[in-house]
Amino acid sequence: MSVDLSQFYQVFIEESFEGLDAMETALMGLDTEQPDKEAINTVFRAAHSIKGGGATFGFTVLAEFTHTLETLLDQFRSGVRVICRNDVDLLLQSVDCMRELLDQLKIKNNRPTHRSESLKAVFEAILSQCPATAQATARKDIDTSDAAPKITWSIHFVPGVNILKTGNDPLRIFTALEDLGELQVKVRVDKLPPFAELDAECLYLSWELTLDGAVDEATIREQFEWVIDECDLTISNLSAQSESPPVQLPADAQKYAADNEKPLKKSPTAESSSIRVGIDKIDNLINMVGELVIIQSMLGEIGSDFTPGRLPKLIEGLEQLEQNTRELQESVMRIRMLPISFNFSRFPRMVRDLAAQLNKKIHLEMHGEQTELDKTVMEKIGDPLVHLVRNAVDHGIESPERRAASGKPETGRLTLNAYHQGGNVVIEISDDGAGLDREKILRKAQEKNLLSSVDAAILTDEQVYDLIFQPGFSTAETVSEVSGRGVGMDVVKTKIAQLNGSVEIQSTIGKGTRLIIKVPLTLAIMPTLMIMLGQQTFALPLASVNEIFHMDLRKSHVVDGQECIAIRDQAIPLFHLKQWLVKGTETVRLQTEAHVVIVSVGTRRVGFVVDQLIGQEEVVIKPLGKMLQGTPGMAGATITGDGTIALILDVPGMLRRYARGTHSWGHN
């Protein structure tokens, strides 16, 4: 009797990634002056498990690499060799290497990588020396770097037609790729819609790129990280195809790989198709279902022999059904909740490596790692957090020399904090660095014609800091490998806005900066304000609603061509939603009195005129179908209590699409 091992491959790969996370955490916390034996044992056990699984499933490259690593780790844990900082750096490189090998197994690739072969040679060279000799040398003759030989890469990049509407510009990616090597670009025009249906804001092109450079696939994929959810991306190593043939996968592994032909868009560590759930949550869910079965039986018995005298019993049963349904909904939602430590865990390593690269001293503190939020939100907030942390390390915290000259400790402090606030999760990224220079930002904004000198004089600090989210905006004097091109901060704001979230900046020059990100706990259920426009129902995300009032629209006035209303001595732009969303009313002045809903878009506020307020309602978000997907201003749809369909409005997207002259709304 043969066992189909392919059914276990996905579990093995996901558990291996978890083991690598444990290895990295243990290595990051290891004090080489007084090494913790249990930490070394943790690293050894993780490597041993990966080696055993790789050998069992026939993943020979992974198994052989990990076997050599395990031999070295065994000498560290037995005391034959004394671990030093160089060894820790080497072991952290091995963690990255094993992540690459696991990623390759997902796309039918069992070849060794340049990094795996180089590191394996390093391990073997160390093991061939006696421990005393190995510890005495600085290993200068051994190449432990990640630098790869010149490789020819083929990149097929097919962006979604609506990619420009989300603030992403593919040309920025090509500029970044040119810094990695010699780039050749071929443009393809895909099938176009009829001329009458062409949209000037859509993109109908794709690209075939050839890149020659000393760069690995992971670095190339980093350049596409901001558009990875909005494109099809295939990267092939043309150099490897002309070299040695791949190591053959066993029959079971071939079957597994055949089921995973599609190229990876993200590493399993960033977005996994499965989730681990505590047994207590499962038990609670089973109890809730049991309660529903009891209520169903009771209502069924009442319905089969109903009399007016049993009406109170029916009402009691329906009330119990409502309560149990609500509790069941909450239990199901808790299953999708994960601690934010899944995102935070990547930052100690990242900050350590960046600080070393930039010759800075940085101490990272993390609080609230057990704060839970929905898995989908967790995955979508990951890339913006990475960019903001990199920016804080590169631009926020000064060099040790500059800090000492200004009377600060040489070691900068970077703090990540997460906590719940109502139905939202708040994530704070703060540093004790140089802070934002208001005058420098204003000078740069005027150079880019983003505002006039008159406007600059009246902007608040908050509005000035918000300018750094404009596309291509950067105050960096030089461009580094980490940041400085002005690419990314605008996309950070857009990504957070797509989650119905917000980002706020607080800064004091010379003392530091704090970024406050607020995102909803979950995207599956959203509290909304239900409104009517004509005979159609729409839903506004309640998180963006500030206040509601009834007013005489004849008291509005026009400022710089924009209709406004005055609220507490502040001019608020006013827009008639019906003219945007209901066909046939585009140029008609609809009413003299109406309800006005004031909503926040970043740090700005606008007023929406609506026909009728229905009330607050929690709705289940349904994705738009293929025909409507990507429609500007629409975040999804929901089914209301009376069975009708209501569209959920995406406020930033709607303003970008309809509010002429306010192209920057999506970035505020």
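These numbers were taken from a predicted model, which means no experiment stands behind them.

Conventions and cut-offs
Residues numbered from 1 in each chain as written. Predicted model: local features only at pLDDT ≥ 70, side-chain atom pairs only at ≥ 80, totals over all residues. Heavy atoms only, no water. Axes fitted to C-alpha atoms, helices over the stretch in contact; angles between N-to-C directions. Helix = DSSP H or I, 4+ residues; strand = E, 2+ residues; numbered from the N terminus. Parallel < 35°, antiparallel > 145°, perpendicular 65-115°, else oblique. Left-handed = near helix turned anticlockwise from the far one by under 90°. Contact = heavy atoms within 4.5 Å. Nonpolar A, V, L, I, M, F, W, Y, C, P; charged D, E, K, R; others polar. Core = buried A, V, L, I, M, F, W, Y, C linked by side-chain atoms within 4.5 Å. Buried < 20%, exposed > 50% of the residue type's maximum accessible area, 1.4 Å probe, protein only. Pairing = 2+ DSSP bridges. pLDDT = per-residue confidence, 0-100. Salt bridge = Lys/Arg side-chain N within 4 Å of Asp/Glu carboxyl O.

Peer 1: Which parts of the structure should I look at to understand the packing of helix α1 (residues 9–28) against helix α4 (residues 85–105)?
Peer 2: A packed helix pair is summarised by two numbers, namely the angle formed by the two axes and the spacing between the axes. Contact geometry of α1 with α4 gives a least axis separation of 10 Å together with a crossing angle of 165 degrees. Here α4 runs roughly antiparallel to α1, going by the angle between their axes. In this structure, α1 crosses over α4, and the sense of that crossing is left-handed. Residue-level inspection shows F12, I13, S16, F17, L20, D21, M23, E24, L27 and M28 of α1 in contact with α4, the latter providing V88, L91, L92, V95, D96, M98, R99, L102, D103 and L105. Broken down by class, the residue content of the contact of α1 with α4 amounts to 14 nonpolar, one polar and five charged.

Peer 1: I tried to follow the nonpolar core on my own but got confused; where do I start?
Peer 2: Most often, soluble globular proteins keep nonpolar side chains buried together rather than apart. Formed by 52 residues in total, the largest nonpolar core has its most connected members in F347, L414, I427, I517 and V519. Ranked by residue count, the leading element in this core is helix α15 (residues 375–396), at nine residues. Setting aside chain neighbours within four positions, we find I427 in contact with I340, F344, I381, L385, N417, A418, L515, I516 and I517. By size, the runner-up hydrophobic cluster in this structure holds 40 residues, among which are M23, L27, I83 and V88.

Peer 1: Looking at this model, I keep getting lost on the pairing of strand β17 (residues 570–576). Mind explaining?
Peer 2: A regular strand places its side chains so that they alternate between the two faces of the sheet. Of all seven residues making up β17, five are buried, and the element is well covered by its neighbours. Bridging between strand β16 (residues 562–567) and β17 involves four bridges; their strand directions are antiparallel. Note on β17: the bridge partner recorded for A566 is A571. Counted along the chain from β16 to the antiparallel partner β17, the turn is two residues long, and its residue R568 has a positive phi close to 50 degrees. As judged from the three bridges shared by β17 and strand β19 (residues 604–610), these two strands associate in the parallel manner.

Peer 1: I'm lost on the confidence of the model for the chain in this one. Help?
Peer 2: Regions with low pLDDT carry predicted coordinates that are not meant to be interpreted in detail. When the pLDDT values of the chain are averaged, the result is 81; 85% of them are 70 or greater. Counted against residues more than four places away or in other chains, residues 136–148, with its pLDDT under 50, gives 19 contacts. Here residues 661–668 scores under 50 on pLDDT; set against residues more than four positions off or in separate chains, the count is 26 contacts.

Peer 1: I keep staring at the sheet that holds strand β9 (residues 424–431) and nothing clicks. Help me out?
Peer 2: Whenever strands of a sheet pair, they do so through backbone hydrogen bonds, lying parallel or antiparallel. Strand order in the open sheet formed by five strands is β6-β8-β9-β11-β10, and the pairing between neighbours is mixed. Taken across any chain shown, the strands that pair with only one partner, and hence form the sheet edges, are β6 (361–367) and β10 (502–508). Across the sheet, the mean angle from the axis of one strand to that of its neighbour is 15 degrees, orientation sign disregarded. Where β10 and strand β11 (residues 512–520) come together, seven bridges link them in antiparallel fashion. Directly across from T508, in β11, lies its bridge partner G512. Lying on the sheet, helix α14 (residues 347–357) is in contact with β6 and β8 (411–421); it crosses β6 at an angle near 165 degrees.

Peer 1: What should I look at first to understand the pattern of salt bridges in this one?
Peer 2: On inspection of all chains with the given rule, the structure shows 36 salt bridges. One salt bridge connects R349 with D353, and the closest N-O pair in it is separated by 2.8 Å. Here R349 and its partner D353 are both found in helix α14, four residues apart, which amounts to about one turn of the helix. The buried category is assigned to R349, whose relative accessible area is 8%. Measuring nitrogen to oxygen at the nearest pair gives 3.2 Å for the salt bridge that ties R605 to E547. With R605 in strand β19 and E547 in strand β14 (residues 545–552), this residue pair connects regions lying 58 residues apart in the sequence.

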